[in-house]
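# Coordinates in review
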Amino acid sequence: MNKKTITDIDVSDKKVLVRVDFNVPLSSKDPADDIVVTDDTRIQAAMPTIRYLLDNGAALILCSHLGRPKSTDDKQFAMDPVAARLGDELGIEVIKMDEVIGPSVSDAVAQLQAGQVMLLENTRFLPGEKKNDPDLAGQLADLADVYVNDAFGSAHRAHASTEGAARKMREKGGPAVAGFLMEKELTALGVAVDNPDHPYIAIMGGAKISDKIKLIEHLLKVADKILIGGGMANTFFKAQGKEVGKSLVEDDALPEAQRLLEMAGDRLVLPVDVIVAASLSEESEAFNVPANGIPADQMALDVGLVTIQHFNSVLQGAKLVVWNGPMGVFEVDRFAAGTNGLAMLLGALAAQGATVIVGGGDSAAAVAKAGLSDQMSHISTGGGASLEFLQGITLPGIAALDDK
Ligand code: ADP
Ligand code: MG
């Protein structure tokens, strides 16, 4: 990792602006309800950085986006439930601002003491956030002496609170550094980007191929094999001229799928059998069929056991595995066997010393649901950010931080 972190600078008696990823799920969308955070994984993930900065005498100003608010009045996305949850965790009051910037914030920041924690309102309440408005970025940077980015999941976006504020902090001569979560992500994912160990096997699945064509194309250059499952396998099947019945297929992506198949030769490994059903509902019976035997009135919703066994044999001896995208509709138990089976064999592979990296929001959720998160070498907290990082793209939020 060639970026400075919070341990490379002095934070004692400094006001530190920390961009965290508190984009957490909430219990309700009705502002009249008593909305609470339903999954605090992302808050927990930021705790090492928050605790370190507090222990080292900083005064903290935290900021994050939350959901996709339409305006400042979109109160269902206000940060109050996050402040409450964070306060419980820290055992101190979190000073919650009702604005992102403005006089109320500047006055409160002027009063802020070492050891205190302030949380700004949802950065996406201001249109300048997504536009990376230099004024907003400058006002954010002016709140503090130090800028810290611990929001890996937002690092692929050049927004005012990510790229903009870091750049403004550096322009005024202050440090802009990575937090511990950011450092952990860059170090773990960096293994797959700089000089990856071989055999390097990538596994791709999930709903759509169109989101991931660029990543597959990149992986074909750096990985030894790519195993394909999930909904995207159907588009490859159709590109091969197979019957795919009513399966999820992206017709627009067929030419790209064809091109990737030609480019890859035998390095792209498709499922050999799938689980099909007429619908997701309990009433329709599920069958295991060969990949070239999908009935016209059915859809493929998971990979089959023979496929998982085949994937297992390809994976033997792998030193590095990157997995993105579930093998089937894992949210429904009877179509989760392929995903769970793969998670189990990757856990075993990691226990034998392979580095197993999981990226993608749904993939991380699937591994957690299978109870196997602890067995993986690294589960990335960033969905889109991890996909871009693994392609070797320089993420703007990271590029803006100080080099070592
Ligand atoms: P990630 O978030 O890990 O990058 P994606 O968002 O690309 O993964 O894909 C996850 C979704 O793909 C899940 O909701 C899952 O139900 C769906 N999916 C997987 N296999 C299939 C399939 N065969 N048909 C339809 N949807 C599928
Ligand atoms: Mg997803």
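Residues numbered from 1 in each chain as written. Chains lettered and ligands numbered in written order. Predicted model: local features only at pLDDT ≥ 70, side-chain atom pairs only at ≥ 80, totals over all residues. Heavy atoms only, no water.

## Overview of the environment of D135
- With respect to the helices and strands, D135 occurs in helix α5 (residues 134-142).
- Each C-alpha atom, one on D135 and one on F389, is 28 Å from the other, the two residues being 254 residues apart in sequence. (Helix = DSSP H or I, 4+ residues; strand = E, 2+ residues; numbered from the N terminus.)

## Here's the deal with the layout of surface pockets
- Size it by volume and the largest pocket reaches roughly 960 Å³.
- Every residue lining the largest pocket is counted, 39 residues in all, and those nearest its centre are R42, G361, S380, T381 and G382.
- Across the lining of the largest pocket, the residue classes break down as twelve nonpolar, 18 polar and nine charged.
- When residues of the lining of the largest pocket are assigned to domains, at least three fall in each of domain 1 (6-183) and domain 2 (196-390).
- Of the pockets and cavities examined, the second largest pocket occupies roughly 520 Å³.
- Surrounding the second largest pocket, 33 residues form its lining, G206, A207, K208, G231 and P326 being those nearest its centre.
- The residue inventory of the lining of the second largest pocket, partitioned by class, reads 14 nonpolar, twelve polar and seven charged. (1 Å grid on protein atoms, 1.4 Å probe; cavity = no way out; pocket = protein on both sides within 12 Å on 5 of 7 lines; lining within 4 Å. Points joined across faces, edges and corners; volume = space filled by probe spheres on them. Nonpolar A, V, L, I, M, F, W, Y, C, P; charged D, E, K, R; others polar. Domains from an automatic or database assignment.)

## A word on the pattern of salt bridges
- One pass over the structure, following the stated rule, counts 20 salt bridges.
- Notably, a salt bridge pairs E89 with R51, separated by 3.8 Å at the nearest N-O pair. With a gap of 38 residues between them, E89 in helix α2 (residues 80-90) and R51 in helix α1 (residues 41-55) connect regions that are remote in the sequence.
- Taking relative accessible area as the criterion, E89 reaches 24% and is therefore assigned partly exposed.
- Residues joined by salt bridges that share partners form a network here, namely D40, R51, R85 and E89. (Salt bridge = Lys/Arg side-chain N within 4 Å of Asp/Glu carboxyl O. Buried < 20%, exposed > 50% of the residue type's maximum accessible area, 1.4 Å probe, protein only.)

## With respect to the domain arrangement of the protein chain
- Looking at the assigned domains, one finds that the protein chain contains domain 1 (6-183) and domain 2 (196-390).
- Each of domain 1 and domain 2 was reduced to a C-alpha centroid, and the two centroids are 35 Å apart.
- Taken together, the five residues of domain 1 in the interface contact eight residues of domain 2.
- In this assembly, domain 1 packs against domain 2 so that about 530 Å² is buried in total across both faces, 68% of it on carbon and sulfur atoms.
- Considering only the side of domain 1, the residues that lose the most area to domain 2 are F152, G153 and H156, jointly responsible for 76% of the buried surface there.
- Counting the contacts that link domain 1 with domain 2 gives zero salt bridges.
- Counting the contacts that link domain 1 with domain 2 gives zero residue pairs in polar contact (both at pLDDT 80 or more).
- Grouping the amino acids of the side of domain 1 that touches domain 2 by side-chain chemistry returns two nonpolar, two polar and one charged. (Contact = heavy atoms within 4.5 Å. Buried area = accessible area lost by both parts, 1.4 Å probe. Polar contact = N/O pair within 3.5 Å; in protein donor to acceptor, adjacent residues only side chain to side chain.)

## Focus on the nonpolar core
- L120 and F236 are the most contacted members of the largest nonpolar core, which totals 75 residues.
- Excluding its chain neighbours within four sequence positions, the residues that come into contact with L120 are L17, I61, L62, C63, M79, M97, E99, V100, V105, L140 and L143.
- One finds V24, L62, A83 and V177 within the second-largest nonpolar core, a separate group that totals 32 residues. (Core = buried A, V, L, I, M, F, W, Y, C linked by side-chain atoms within 4.5 Å.)

## Brief notes about the site of ligand 1
- Around ligand 1, the surrounding shell holds 18 residues, and the nearest of these are A207, K212, E331, D362 and S363.
- For ligand 1, an oxygen atom lies 2.9 Å from a polar atom in the backbone of D362.
- With the chains in place, 83% of the 580 Å² that ligand 1 exposes on its own is no longer accessible.
- Mapping ligand 1 onto the cavity grids shows that it belongs to the second largest pocket.
- Ranked by the residues each element gives to the shell around ligand 1, the list is headed by helix α13 (residues 361-369), at three residues. (Near = heavy atom within 4 Å. Areas by Shrake-Rupley, 256 points an atom, 1.4 Å probe, with all protein chains shown as cover. Sits in = over half its atoms within 2 Å of the grid points.)

## A short note on unusual backbone geometry
- The omega torsion of the bond from H198 to P199 falls at -5 degrees, within 30 degrees of zero and hence cis.
- Phi angles above zero are rare outside glycine, and N132 is one such case at about 50 degrees.
- Within the secondary structure, N132 sits in the loop between α4 (127-130) and α5.
- For N132, a relative accessible area of 14% corresponds to the buried category.

## Regarding the sheet that holds strand β8 (residues 225-228)
- Strand order in the open sheet made by the six strands is β9-β8-β7-β13-β14-β15, with parallel pairing throughout. Lying at the two open borders of the sheet, with one neighbouring strand each, are β9 (268-269) and β15 (378-379).
- Taken together, the two bridges between β8 and β9 define a ladder with parallel strand orientation. Bridge pairing in β9 places L227 opposite V269.
- Relative to strand β14 (residues 355-359), α13 is tilted by about 120 degrees, and along the sheet it contacts β13 (320-324), β14 and β15. (Pairing = 2+ DSSP bridges. Axes fitted to C-alpha atoms, helices over the stretch in contact; angles between N-to-C directions.)

## Considering empty space enclosed by the protein
- Using the criterion set out here, one finds one cavity of 30 Å³ or more in the structure.
- Estimates place the volume of the largest cavity at around 50 Å³.
- What lines the largest cavity is D21, R42, A45, A46, D150, A151, F152, G153, L181 and T381.
- At three residues, the largest contribution of residues to the lining of the largest cavity is made by α1.

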